[in-house]
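# Commentary on secondary and tertiary structure
The residues making up each chain are set out below.
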Amino acid sequence: MNRLDVKLLRRLLGLAFPYWRSEEKAKAWGYLTLLGLLLAGYTWSGVQFNQYSGEFTSALAAGDSGRFWRAIRVFSLLLVVAVPIYSFYYYVRDRLSILWRRWLTDRVLRNYFANRSFYRLVSMPEIDNPDQRIAEDISTFTSQSLNYLLLFASATFELLAFSKVLWEISRPLVFFLLLYAGVGTLVTIGYFSGRMISLYFARLRREADFRFGMIRIRENAESIALYHGEDQERGQVLRRFGGVYRNFIDLISWGLRLNLFSYAYSLITLALPSIIIAPRVLSGELEVGRVVQAAGAFSAILAALNVFVTNLEYLSRFAAGVERLDTFVRTLDHEPAGTVGKNRIITRIGDDLRFEKLTLQTPGYERTLVKDLSLDVEPAQGLMIIGPSGCGKSSLLRAVAGLWDAGSGSLVRPRLEDMLFLPQHAYMILGTLRGQLLYPKLHRKVSDEELQEVLEHVRLPHLVERCCGLDADLDFEKILSVGERQRLAFARVLLHRPRFVLLDEATSALDQENESALYGLLMTMSATVVSVSHHSSLLRFHQQILELDGDGRWRMLPAAHYRMQSGNGDSFDA
């Protein structure tokens, strides 16, 4: 076994063992034991079918009608026993597979959403297409793991059962079979396995990238159409498909070599058993039916010994999926590479918002955004953060939200339940208008009248009527404008009434009248407002100004005497 096989086996066991030691282990082992019993019955019936096929063939050759019909009656009884065994075998296998998939999906999703790992993965390009890894790779892993476990178990059972049959018929045939299978396996592992696994791993990634590119076009269709970017987008999609095409050409080229070998290897065996035992049959030492039994036993043993050879292509696909899934699960369970041992911002929970000698860096520690920031945001005393694009304004809000912690110093903040964040692109869930308003606490009990009143406050009085009521499922990204979505986000604030509201260009799509009206509503809540904005009209809703210069420097100024320089939102005068 080479290093690649050992590494794959270690990854496979690492992914599989937790389920078989989990709280569902009793049910899982029960199903697996039942599968083992059914598989034993499956193998036994196969041996009996092989024996009685030879028996009625010999009876026909001898012209013995009584012997022939006795063999047919036994064969018929075997069918009655075997059919339920075969049927329940596949039912129990698939039942165990979906139970395992449900457990593993739940485990991965818990880790995916814990500590906002789904957000952290956005900055990790090596973990591409997490949606595919959860939806497809887990399904493939659980079903194929069982399939291959049962395949190797079946091969073992058949090897033991049919070896006795073949040994009684022809010992030279057994020795030849062992040598033939050994050579075939060594050739397959040494020449084909490593290359096929790497090609299938690349195929999974490139197919996923191509599909992601197509989904991205659908999600941004309007923007692309407005920019007349069809040619550019088509070129990008074709480049992604080019990778799929080149990978597929490599795969079918290697598949051709594998098929030339495997078909020649398997077809030769159709005649070999007859050739080896023909002298004994022709001399009358063996009955003709023994040739049928020998051929059946030979094929079964060869299939058992060559399980890797005949399934290499499928095993290569499976191995590629195991590698992708293992990398994903390990990333969710551990610190991302490159950040271990780095400085982290210390976060403490308190009643106010306070920065203490805080230095904020980008998640990969490539750039320092703010150096040694120290300030207190007093309750109900609004803070407005301004500065040129890319200077770290939004990044400070990400640090407060717990999304970024690269840097040093400390941050004191309220509990996340006491804060509500409004990004520039207001998030709309898939669901109803009631769900949009109550998000993220969808189970709160709020009357229809109160919801309607809040919508009127944010100047969306007719939205219930447009949405066919509060409980109709709609795609709000399509039916609402950007400005309407921003106003709907403010409605969430009015319903949840958090102590701190953090707004990142949350009114960028609104006119000054609507913007001022919404900020006026925030003032009535006595909430502490922290805003990122370039709009000078919002100065009057804040008491303090934090000005960032883009090189890590900062200064604090009172909002009452602060003036943005007209004509240039990125330069300021005090």
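So, here is what we can say about the structure in this document.

Quick notes on the rules
- Residues numbered from 1 in each chain as written.
- Predicted model: local features only at pLDDT ≥ 70, side-chain atom pairs only at ≥ 80, totals over all residues.
- Heavy atoms only, no water.
- Helix = DSSP H or I, 4+ residues; strand = E, 2+ residues; numbered from the N terminus.
- Buried < 20%, exposed > 50% of the residue type's maximum accessible area, 1.4 Å probe, protein only.
- Contact = heavy atoms within 4.5 Å.
- Areas by Shrake-Rupley, 256 points an atom, 1.4 Å probe, with all protein chains shown as cover.
- Pairing = 2+ DSSP bridges.
- Right-handed = clockwise from strand over helix to strand, strands pointing away.
- Axes fitted to C-alpha atoms, helices over the stretch in contact; angles between N-to-C directions.
- Phe/Tyr/Trp six-rings, centres within 6.5 Å; stacked < 30°, edge-to-face > 60°.
- Salt bridge = Lys/Arg side-chain N within 4 Å of Asp/Glu carboxyl O.
- Parallel < 35°, antiparallel > 145°, perpendicular 65-115°, else oblique.
- Nonpolar A, V, L, I, M, F, W, Y, C, P; charged D, E, K, R; others polar.

### Considering the overall build of the protein chain
Secondary structure summary: the protein chain contains 19 helices and 12 strands in total. When burial is assessed residue by residue, the protein chain has 45% of its 574 residues classed as buried. In the protein chain, once contacts between residues fewer than 6 apart in sequence are set aside, the share between residues at least 24 apart is 75%. As presented, the protein chain carries roughly 30,000 Å² of accessible surface, and 58% of it is formed by carbon and sulfur atoms.

### Description of the pairing of strand S8 (residues 528-532)
Here S8 lies mainly inside the structure; 5 of its 5 residues are buried. Along S8, one buried face is formed by Thr 528, Val 530 and Val 532 and the opposite face, lined by Val 529 and Ser 531, is buried too. The pairing of strand S4 (residues 383-386) with S8 spans 3 bridges and is parallel. Paired with Ile 385 across the bridge in S8 is Val 532. Where strand S7 (residues 500-504) lies against S8, 5 bridges are found, and the strand directions are parallel. Within S8, the residue paired with Asp 504 across the bridge is Val 532. Between the parallel pair S7 and S8, the chain is carried across by helix H19 (residues 512-524), and the sense of this crossover is right-handed.

### Some points on the sheet that holds strand S2 (residues 353-361)
Strand pairing within a sheet occurs via backbone hydrogen bonds; the two strands may be parallel or antiparallel. As summarised here, the arrangement of the 4 strands in space is S1-S5-S2-S3, forming an open sheet in which the pairing is mixed. In the strand order of this sheet, the two ends are held by strand S1 (346-349) and strand S3 (368-377), each with one partner. Mean inter-strand twist for the sheet, computed between neighbouring axes without regard to direction, equals 10°. The pairing of S2 with strand S5 (residues 407-413) spans 5 bridges and is classified as antiparallel. Residue pairing for S5: Thr 359 is matched across the bridge by Ser 408. Running over the sheet, helix H13 (residues 393-400) touches S2, S3 and S5 and is turned about 120° from S2.

### Regarding the sheet that holds strand S10 (residues 554-558)
Read across the sheet, 6 strands follow the order S6-S7-S8-S4-S9-S10 without closing on themselves; strand pairing throughout is mixed. Only two strands of the sheet have a single neighbouring strand rather than two, namely strand S6 (419-422) and S10. Each strand axis lies, on average, 15° off the axis of its neighbour in the sheet, ignoring direction. Across the face of the sheet, H13 comes into contact with S4, S6, S7, S8 and strand S9 (544-548) while running at roughly 145° to S7. Of the strands in this sheet, S6 and S7 are in contact with helix H18 (residues 482-496), which crosses S6 at around 175°.

### Some remarks on the packing of aromatic side chains
The full count for this structure, using the stated rule, is 20 aromatic pairs. Plain terms: the ring middles of Phe 141 and Phe 318 are 6.4 Å apart, the flat faces sit at 10° to each other, and that makes the pair stacked. Here Phe 141 is found in helix H5 (residues 130-169), whereas its partner Phe 318 is found in helix H12 (residues 312-333), with 177 residues between them in sequence. Comparing Phe 141 with Phe 318 shows no difference in burial state: the two are buried. Relative accessible area serves as the criterion here: at 9%, Phe 318 is assigned to the buried category. Of the aromatic side chains, those joined through ring pairs into one cluster are Tyr 19, Trp 20, Trp 29, Trp 100, Trp 103, Phe 141, Tyr 148 and Phe 318.

### Details of the pattern of salt bridges
Inspection of the entire model under this criterion finds 23 salt bridges. Residues Arg 354 and Glu 356 are paired through a salt bridge, measuring 2.9 Å at the closest nitrogen-oxygen approach. Between Arg 555 and Glu 547 there is a salt bridge, with the nearest N and O atoms lying 2.8 Å from each other. The buried category is assigned to Glu 547, whose relative accessible area is 12%.

### Digging into the packing of H18 against H19
Orientation of H18 relative to H19, taken along the N-to-C sense of each, is 10°, at an axis distance of 10 Å. One finds that H18 runs roughly parallel with respect to H19. Here Arg 487, Phe 490, Val 493 and Leu 494 of H18 lie close against H19, whose contacting residues are Asn 514, Leu 518, Tyr 519, Leu 521 and Leu 522. Residue classes in the contact of H18 with H19 are distributed as 7 nonpolar, 1 polar and 1 charged.

### Description of the environment of Leu 470
Looking at the secondary structure, you find Leu 470 in the loop between helix H16 (463-466) and helix H17 (476-479). For the pair Leu 470 and Thr 432, spaced 38 residues apart in the sequence, the C-alpha separation amounts to 6.3 Å.

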